[in-house]
Amino acid sequence: MKKIVSGSIEEQAKTAAEIIASYVKKKPNALLCLAAGDTPTETYAWMARMQREGLVDFRDCRLIGLDEWAGLDENTEGGCIKYIIDHVVKPLGLKKENVVFFDACSEDLDEECARVNKYLAAEGPIDVSLMGVGMNGHIALNEPGCDFNSTAHTVLLDPITVKVAQKYFQKPTPVTQGITLGMKQIWDSRVLVVIANGKKKQAIMHTSMYGEVTNAVPASALQNHPNCIVSLDTAADSAADWDLDSAIGDKGE
């Protein structure tokens, strides 16, 4: 695991975008998995800017959806799919046939999980994932207590997730269940970029990076990923004056 600390959110976003772009330049049809939420928004804006400036072309990339609130469709404001369509699919000009999302409105969510698992078994593993970390340490909607060997599955949401989720909606929207890629599928990503910013994330990021590896803090599993890059701004970093080698310590690259 490597840690990169940026002096500003803009610098952090640019760095994360450059990491993704460098992989896509080598593999134009890379399979990407990109999280929704406030934290990666500036990164996606940088990716679109880099494409407009001719520095990289994402149009042949494939995209697998990470997660969704159960019962929300792709047109629901506050939904993960709606966010990714607006901030990634449209700005980058991704082809419809190269994008796979969960249907969170399906009457059979287990069948949806099976469909996505089948796709990843055939097309995976994911080349580059960009993840955030929840206030409770969740990765995607893999909540505390999750199975590190899980594939796509439905989940009852942790109370902290239920509370935090409301910030994405313009009106009260009850969410109690989600559908998500599993920790094993995220772990199998060839490159895994984790991004966090703001003072509010400092404690959970410190615990995730340097605490015990436990499913009580799902993000702690990333300590042992062979190619995980954790990107923090100075507010989210609990030791912003450390150099990169110190941050890696004895955990290995």
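The subject of this paragraph is the nonpolar core. Ranked by size, the top nonpolar core spans 39 residues in total, and within it I64, L181, V194 and M205 carry the most contacts. No other element matches helix α4 (residues 109-123), which puts five residues into this core. Not counting chain neighbours up to four residues away, the residues in contact with I64 comprise L31, L32, C33, L34, V100, V116, Y119, I126 and L181. Ranked by size, the runner-up nonpolar core spans 36 residues in total, among them Y44, Y83, L94 and F101.

Time to look at the sheet that holds strand β5 (residues 99-100). Taken in spatial order, the seven strands line up as β1-β10-β9-β6-β2-β3-β5 in an open sheet, and their pairing is parallel. With partners counted over all chains shown, the strands left at the sheet margins are β1 (2-6) and β5, one partner each. Two elements, strand β9 (residues 191-196) and strand β10 (residues 228-233), share five bridges in a ladder whose sense is parallel. From the neighbouring strand, V194 faces β10, where its bridge partner is V230. The strands touched by α4 are β2 (31-34), β3 (62-64) and β5; relative to β3, the strand with the most contacts, the crossing angle is about 140°.

What follows concerns α4. Over its 15 residues, α4 extends 21 Å from the first C-alpha to the last, a length consistent with the 21 Å expected when each residue adds 1.5 Å. For α4, the complete set of buried residues consists of L109, E112, C113, V116, Y119 and L120. The arc that holds every buried residue of α4, seen down its axis, measures 125°, which confines them to one face. Residues of α4 that are exposed and point over 90 degrees away from its buried face: D110, K118, A121 and A122.

Helix α3 (residues 80-92) packs onto helix α2 (residues 41-52) with a crossing angle of 15° between their chain directions and a minimal axis gap of 9 Å. One element, α2, and the other, α3, form an angle in the roughly parallel class. Once α2 is placed against α3, the crossing between them reads as left-handed. Of the residues in α3, those touching α2 at T41, Y44, M47, A48 and Q51 are Y83, I84, H87, V88, P91 and L92. For the contact of α2 with α3, the residue count by class is eight nonpolar, three polar and no charged.

Now for the environment of G137. Positionally, G137 belongs in the loop between β6 (128-131) and β7 (153-156). Judged by relative accessible area, G137 falls into the buried class, the value being 0%. Along the chain, G137 and T43 lie 94 residues apart, while their C-alpha atoms are 21 Å from each other. In contact with G137, other than residues within four places in its own chain, are I204, V217, P218 and A219.

In total, this model carries one aromatic pair according to the counting rule given. Over the face of the ring belonging to W46 we find K14, whose NZ or CZ atom lies 5.7 Å from the ring centre.

In this section: the side chain of H138. On the secondary structure map, H138 appears in the loop between β6 and β7. The exposure class assigned to H138 is buried, which follows from its relative accessible area of 13%. Side chain to side chain, H138 and E143 meet in a polar contact 2.8 Å long. Residues contacting H138, with those up to four places away along its chain left out, are G132, V133, E143, T161 and P218.

For sheets, the rule is that strands pair by backbone hydrogen bonds, running either parallel or antiparallel. Within the open sheet, the three strands sit side by side as β4-β8-β7. Their pairing is antiparallel. Of all the strands in the sheet, just β4 (67-69) and β7 have a single pairing partner and so form its edges. Here the average twist between neighbouring strands, direction ignored, is 25°. Pairing of β4 with strand β8 (residues 177-180) involves three bridges; the strand directions are antiparallel.

The rules behind the values
Every chain is numbered on its own, with residues counted from 1 as its sequence reads. Local features in this predicted model are restricted to residues whose pLDDT is 70 or higher, and side-chain atom pairs enter the listing and the counts only when it is 80 or higher, whereas totals over whole chains, interfaces and linings include all residues. Only hydrogens and water are removed before side-chain values are computed, so all heavy atoms of the structure are retained for them. By nonpolar core is meant a set of buried Ala, Val, Leu, Ile, Met, Phe, Trp, Tyr and Cys residues that side-chain atoms within 4.5 Å join together. Buried means the residue's accessible area, taken with a 1.4 Å probe over protein chains only, is under 20% of the maximum for its type, while exposed means over 50%, and partly exposed covers the values in between. In DSSP terms, a helix is any run of H or I states spanning at least four residues, a strand is any run of E spanning at least two, and both are numbered starting from the N terminus. In what follows, residue pairs with any heavy atoms lying within 4.5 Å of each other are defined as contacts. The pairing criterion for strands is at least two bridges between them, as found by DSSP. Every angle, taken between N-to-C directions, lies between 0 and 180 degrees, and every axis is a line fitted to C-alpha atoms, over only the stretch in contact when it is a helix. Residue count minus one, scaled by 1.5 Å, sets the expected span of a helix. This arc corresponds to the set of directions leading from the helix axis out to the C-beta atoms. Orientation labels follow simple angle bins: below 35 degrees gives roughly parallel, above 145 gives roughly antiparallel, 65 to 115 gives roughly perpendicular, and whatever is left gives oblique. Whether a crossing is left-handed or right-handed is set by the direction in which the near helix is turned from the far one by less than a right angle, anticlockwise for left-handed and clockwise for right-handed. Ten residue types, Ala, Val, Leu, Ile, Met, Phe, Trp, Tyr, Cys and Pro, are classed as nonpolar, four, Asp, Glu, Lys and Arg, as charged, and the remainder, Gly among them, as polar. We call Phe, Tyr and Trp rings a pair once their centres come within 6.5 Å, taking the six-membered ring for Trp, and we label the pair stacked below 30 degrees between planes, edge-to-face above 60, and tilted otherwise. Two thresholds decide whether a charge sits over a ring: the Lys NZ or Arg CZ must be within 6 Å of the ring centre and within 35 degrees of the ring normal. Polar contacts here mean pairs of N or O atoms no more than 3.5 Å apart (in protein, one a potential hydrogen donor and the other a potential acceptor; neighbouring residues in sequence count only if both atoms are side-chain atoms).

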